[in-house]
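# Geometric and topological summary
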Amino acid sequence: MGTTEPIRDKEDLKNFLNYYKKDHPSPRNYAMTVLGLHTALRISDVLNLKWENVYNFQKNCFLEHICLCEKKTGKQTIIAVNTHVKEALEDYRTIRIPKPEDFIFSKRTNTKMPLCRTQAYRIIKKAAEETLLSNTHISCHSLRKTFGYHAWKQGISPVMLMDIYNHSSFDITKRYLGIGQDERDSIFLKIDF
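We now turn to the structure provided with this report.

Quick notes on the rules
Residues numbered from 1 in each chain as written. Predicted model: local features only at pLDDT ≥ 70, side-chain atom pairs only at ≥ 80, totals over all residues. Heavy atoms only, no water. Disulfide = S-S within 2.5 Å. Buried < 20%, exposed > 50% of the residue type's maximum accessible area, 1.4 Å probe, protein only. Helix = DSSP H or I, 4+ residues; strand = E, 2+ residues; numbered from the N terminus. Contact = heavy atoms within 4.5 Å. Salt bridge = Lys/Arg side-chain N within 4 Å of Asp/Glu carboxyl O.

### Some details on the state of the cysteines
Applying the stated rule across the entire model yields zero disulfides. Between C61, a free cysteine, and C67, which holds the nearest cysteine sulfur, the sulfur-to-sulfur gap is 14 Å. No disulfide involves C67; its nearest neighbouring cysteine sulfur is the one of C69, lying 12 Å away. Accessibility expressed as a relative area gives 42% for C67, which makes it partly exposed.

### Thoughts on the side chain of R93
Along the chain, the position of R93 falls in helix α4 (residues 83-96). Sequence-distant contacts of R93, that is, excluding residues within four places in its chain, are made with W51, Y55, N60, F62 and P98.

### Notes on unusual backbone geometry
One non-glycine residue, A40, lies in the positive phi region at around 60 degrees. Mapped onto the fold, A40 is located in the loop between α2 (27-39) and α3 (43-47). Unusually for a residue other than glycine, N60 sits at a positive phi of about 55 degrees.

### Side note on the pattern of salt bridges
Inspection of the entire model under this criterion finds seven salt bridges. Here E90 ties to R93 by a salt bridge, and the two come within 2.9 Å at their closest N and O atoms. Here the residue E90 and the residue R93 both occupy positions in helix α4, the gap between them amounting to three residues, near one helical turn. Close ionic contact of E101 with K112 constitutes a salt bridge, the shortest N to O distance being 3.5 Å. Of the two residues, E101 is situated in the loop between α4 and α5 (117-131) and K112 in the loop between α4 and α5; the sequence distance between them amounts to eleven residues. By sharing partners, the salt bridges in this structure join E101, D102 and K112 into a single network.

Spelled out as C-alpha cells, the structure:
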C-alpha cells in the first residue's frame, strides 16, 4: 500500500476541481474540495466546520479568517479565507440556506451531523478516478498535501510550510510533500553537458 500523494500536475488539478463544478455539479462536494485544498486543513477539521465558523450571519458576509482548534494536534490555528473558498461556499450557501449552527458539510437530510470521513473519501476518490490518469494514492489527505506541494513550487518558504503543517523539521515536510524525489528528478532532467 502506498502513501497518499499530492496532485502535482496543474492540468490534472484543474480537471479534478472541475469534476464537481462542471462535469458532475455538486456545490457541496465542490465546496468541500476547494476548502480542503485552499486551507490545508485535515479532513476531520474540514468536516467539523459549522457555517458560523466561516460566515457572519448578522453582517451577511464571509469571515476573513477561520479560527479553530485542530482536532489532531489540539493547537489553535487561524487561516485566511481566500476568494476561491468564499465563491465555492457562497454557491453552496445560496442553495443550502443554512443556520449558523449547521455543519457545512453534512448529509442533506440531517444538517446537525457532519459527513463521515468515509463519505468524504468517496467524494474525493470518485473525482480522482474520473479525472486523473494516476489516482491510486489520492485521498482526502491529498488536498492538504497538494496545497503544500504547489505552495512550495511557487516559492513559499519551507519554514512557512513547516509552520502551517506543525512539522518539527524540513525533512519531515519534504517527505510529507514528496518533494525530495521531485528535486532530484528535475536535476537529472535539466542537466545539459
